[in-house]
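# Inside the fold
What follows is the residue order along each chain.
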Amino acid sequence: DDNKRSRVNEEMVRMAYRGKFNAISVFALDNVALNGNAMFSVLRNACGQSVIKDDGNDPACGMDLVMPNMQVSHKLPLVWNIVLFVIYGSLVLMVSIMLFQAFKLRNEGPQEHRLICHGHVV
């Protein structure tokens, strides 16, 4: 939660994108799910990462590429909340009806399927 508030991963992605580091040997992200893919994209697309040499037509790299999108939203839209409520509600209702019917009908039915042991119906 503190990574979301401090936006430390987002700032590190911006610094790597702008080339603020001469070299990176070890880089640790505390919460990879929070802008981890953006960091890997920036590091992967940094200039000098490829050993392939062209005839002067170097492929776009570094700041020539668009910076990755780092907008994170963990809120579900209202529609999906309603859909989840309806689905889970219907599952609970179906299980409740099945359990009610099972307990209601457990002592009913034909007598030949019952076993009486010591005066109790089993």
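Per chain, residue numbering runs from 1 following the sequence as it is written. The predicted origin of the model limits local features to residues at a pLDDT of at least 70 and limits the giving and counting of side-chain atom pairs to 80 or more, whereas totals for whole chains, interfaces and linings rest on all residues. Working from all heavy atoms in the structure, the side-chain values ignore hydrogens and water.

### Examining the confidence of the model for the protein chain
Low-confidence regions, as indicated by low pLDDT, have predicted coordinates that should not be scrutinised in detail. For clarity, the threshold we go by: For every residue, the pLDDT score states the predictor's confidence, bounded by 0 at the bottom and 100 at the top. A run of H or I in DSSP counts as a helix once it spans at least four residues, and a run of E counts as a strand once it spans at least two, with each numbered from the N terminus.
With 66% of its residues at a pLDDT of 70 or more, the protein chain has an overall mean of 76. No element of the protein chain has a lower mean pLDDT than strand β2 (residues 120–121), at 66, and none a higher one than helix α4 (residues 78–105), at 91.

### Notes on the nonpolar core
Applied cut-off: The set of buried Ala, Val, Leu, Ile, Met, Phe, Trp, Tyr and Cys residues whose side-chain atoms join them within 4.5 Å is what this entry labels a nonpolar core. Buried residues are those whose accessible area, probed at 1.4 Å on protein chains only, stays under 20% of the maximum for their type, while exposed residues exceed 50% and partly exposed ones sit between those limits. Note on contacts: a residue pair qualifies if any of its non-hydrogen atoms lie within 4.5 Å across the two residues.
Listed in full, the 8 residues of the largest apolar core are Val13, Ala16, Tyr17, Leu29, Ala38, Met39, Val42 and Met70. Not counting the four nearest positions on each side in its chain, leucine 29 is found in contact with Asn9, Gly36 and Met39.

### Examining the environment of alanine 38
For alanine 38, the position within the fold is in helix α3 (residues 36–44). Taking the relative accessible area as the measure of exposure, alanine 38 reaches 7% and is therefore buried. Between the C-alpha atoms of alanine 38 and valine 13, which are 25 residues apart in sequence, the distance is 6.8 Å. The residues touching alanine 38, leaving out its near neighbours within four places in the chain, are Val13, Pro68 and Met70.

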